[in-house]
Amino acid sequence: MTAPIRCREDETFVLNLGPQHPATHGVLRVKLTMDGEYVVKAEPVLGYIHRMHEKMAEDRTFAQFMPNTARMDYLHALAYNHGYVLTVERAAGIEVPERAEYIRVITVELNRLTSHLLWWAAFLLDLGGFSPLLYAFDDREQILDLLERVTGSRLTYCYFRFGGVYNDIDDDFITGTRNFIKRLRSRLPRLYHDLVTKNIILIKRLKDIGFVSKEQCRKYGATGPLLRGSGVQFDIRKNEPYSVYPEFDFDIPVYDEGDCMARYMVRMDEIEQSMRIIEQALDKLPDGPVRAKVPKILKPAAGDYYAAVEAARGSFGCRLVCNGDKSPYRLKLRSPTFSNLSLFGEVAEGMLLADALAFMGSLDLVIPEIDR
Amino acid sequence: MNIVEQTRIALLELFPDLAAADAEARAKAEAEAAEAAEAVAPVEAEQEVTAAAATGEAETATPPPAEESAEAATPETKAAAAEKEPAAEGPRQNGVAVGDYDRHGVHLDVLCDPQQVVAAAEILDQAGFFIEAITGVDWLKEDQMEVIYDYNRNDGRLCRVVVRTRIPRAEPELPSITNVYPGANWHEREAYDFFGIRFLGHPDLTRILLPEDADFYPLLKDFTL
Amino acid sequence: MSEYWNDIFGGTKSLLVGLGITAREFFKPVVTEQYPWEVPVMTPRFRGHIELVKNAETGKPNCVVCGMCMRSCPSGCITLAGKKPEGEKKKVLTQYELDFTKCSLCGSCIESCNFNAIQFSKDYNLASTRKEDYLFDLLKRLEEQS
Ligand code: SF4
Ligand code: SF4
């Protein structure tokens, strides 16, 4: 990368990227101060899709807040379901039957696959490749069909319940999932890696672009593939195991380069790891009930509870403050991309506009989750 | 020494009184542990209590039992703290408590003065923590605002730290930690946006999620829909 | 200079590989559904908007007007009313309206109903430019179905 040619202060101009821009995947606006093609200053402007879920939580019972969780990160809605039910279960001291835990893991991982596939498709669209989108959507639709069979919805799931899941999975789902994994395994090397990962244009556009250091990640609280692409092995599923994740044998992909390519590779490897987890979970799936008996109106003891899960974009945490009432006194939702995006300004400085867009794509932004 | 204990001792620097008492207690516990190790089998029965305390020191893999620090923090220092700060109300005094991780999801729970949050952030920064979130809680009945800082580690050693402080509702002001953690910038703006908490020394304390012309703080308990 | 030639060589190879894959995919069968001509069948658990369940014996709704569904709904979509006719023990449903514009299809109402009186419908062809079209009178819908 060559250093930008600095020119006079009064020769810069302001470029508004968004709020309606195809590369921002939603309604994010970035105020860019440009010097020709180079970014001098980048300021993300948030809040275009802010809905104040945290206030809504204070106004509803614990169970009534469930549908809201799916509407934050609509691409990995089940992880958000999971994070929220984990927190409430911790607060109310609810035990979850084992089969329900397995079903949770299977569906969350399937959902993670859809999220990564969609990221892959959209990211390549940002970079100018159209046909990968169609291949990824073909696969993604298969998962959505599977998830629709069990959850009834295709995108904004409201499937988990305190003490279990809404309903059991059936044999068709299990065979369907196995077939799907077989199919994706056969398609990955050719349609994904041969066509895209090894493509010289992609490599040229991602290698050494958007370098994020370990220290930057720590200072900004970045998590998820962004952190793992910078060489830090941190994944809540392994580091702070919840649910039945310790039962499974899977790896946390880590790449040391810290550039866009590293983040790309982390996500591609995670697709494989998720498939491994699903297969093992299907093999080990125990019999039994899928839902514990839980009172309809929960009133957890007063106190302060925290639980975190690994969503597709990083660690999603819920801090729940209860005062013994039937609705949360305060619910703080810690969304991973909020922190991840906050380092955009620092890193994008001095980049070419096209590279800044590639960098933004590699952060995997989902705006409703940032704005909450 | 495990990470939780290590961080607890580092954080005790914020409270010199407690640190002294804690160091004393630890020295005592160590001495007792040594004694217990020397002591032969028959004495075991009457030394059950000290042995229990000693295992906390010996087992580095698990967080030490809560009694140890409670023992250290409460009896001698509570009176001193109360003397120093008669205005402080509520059941909890400033200090570092070991949280019940399985129940509450945090390992260390720090309550400090609003002026100390920067010092706390510096200690945690040096210990390699990252800032996860900053948020507020409005305690309308007590006429106070609580500010909560969540810290976590990403090096594989599990230790979640929560730092809390209370500020008066009428004057919600406290120093900003953006100089220590640039990532706190947006989190502080968010807390300002939702609660009206003013972080002194913040480079750009403006609305972040709400429209810039909003004239309300939605998460205050007296803001009703 | 060698990098220059490497790039040209690598680029050509990438191009050929890409064209090869695309050509092979081109002759594969169509995977998309030709929607208006091919109508998908919804899975049994598909969540459409809610509807009343008809009692197989009486042909009347199962609902006993307890109001649990109304109270459990997070968004207050359900409005219902009932009256007790002379000389009968149970209340009879006289109105059951769903404001589908606010419904999040969460299923709380169905879970909270102890009388198996509501279920998810399989309707998905819902498109309109007017908001009023989404205020469903479920009682009327039930009558029309029979
Ligand atoms: S909960 Fe069931 S029985 Fe009660 S009012 Fe609703 S639909 Fe009718
Ligand atoms: S599905 Fe949920 S939002 Fe819709 S009417 Fe039932 S309870 Fe209300």
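None of the values given here were measured: they were computed from a predicted structure.

## Things to note about the sheet that holds strand β2 (residues 29–35) of chain A
Residue and element names in this part refer to chain A.
At step 1: On the basis of which strands lie adjacent, the open sheet formed by three strands has the order β1-β2-β3 and antiparallel pairing. Each having just a single partner strand, β1 (13–17) and β3 (38–45) make up the two edges of the open sheet. Going across the sheet, the axis of each strand differs from the next one's by a mean of 25°, ignoring polarity.
At step 2: In this sheet, β2 lies alongside β1 in antiparallel orientation, the contact comprising five bridges.

## A look at the sheet that holds strand β3 (residues 129–139) of chain B
By way of backbone hydrogen bonds, the strands of a sheet pair with one another, either parallel or antiparallel.
Residue and element names in this part refer to chain B.
At step 1: The strand order across the open sheet formed by five strands is β1-β2-β5-β4-β3, and the pairing between neighbours is mixed. Taken across any chain shown, the strands that pair with only one partner, and hence form the sheet edges, are β1 (95–98) and β3. Strand-to-strand twist in this sheet, taken as the mean axis angle between neighbours without regard to direction, amounts to 20°.
At step 2: Pairing analysis gives ten bridges linking β3 to strand β4 (residues 144–153), with the strands arranged antiparallel. Looking at the pairing, T135 lines up with I148 of β4.
At step 3: The sheet strands contacting helix α1 (residues 3–11) are β1, β2 (108–112), β3, β4 and β5 (161–168), and the helix crosses β2 at an angle near 10°.
At step 4: The sheet strands contacting helix α7 (residues 117–126) are β2, β3, β4 and β5, and the helix crosses β5 at an angle near 170°.

## Thoughts on the side chain of D355(A)
Residue and element names in this part refer to chain A.
At step 1: Within the secondary structure layout, D355 lies in helix α14 (residues 353–362).
At step 2: There is no salt bridge for the buried D355, and the closest opposite charge comes from R205, which lies 4.6 Å off by N-O distance.
At step 3: Residues within four places of D355 in sequence aside, it is in contact with R205 and I209.

## Remarks on the confidence of the model for chain B
All names here are of chain B.
At step 1: Here chain B averages 74 in pLDDT, and 75% of its residues register 70 or above.
At step 2: The weakest mean pLDDT in chain B belongs to helix α5 (residues 75–84) at 39; the strongest belongs to helix α8 (residues 184–195) at 89.
At step 3: A low-confidence stretch, residues 43–89 (pLDDT under 50), is modelled with 38 contacts involving residues beyond four sequence positions or located in other chains.

About the criteria used
- Residues numbered from 1 in each chain as written.
- Chains lettered and ligands numbered in written order.
- Predicted model: local features only at pLDDT ≥ 70, side-chain atom pairs only at ≥ 80, totals over all residues.
- Heavy atoms only, no water.
- Pairing = 2+ DSSP bridges.
- Helix = DSSP H or I, 4+ residues; strand = E, 2+ residues; numbered from the N terminus.
- Axes fitted to C-alpha atoms, helices over the stretch in contact; angles between N-to-C directions.
- Contact = heavy atoms within 4.5 Å.
- Buried < 20%, exposed > 50% of the residue type's maximum accessible area, 1.4 Å probe, protein only.
- Lys, Arg positive; Asp, Glu negative; His and termini not counted.
- Salt bridge = Lys/Arg side-chain N within 4 Å of Asp/Glu carboxyl O.
- pLDDT = per-residue confidence, 0-100.

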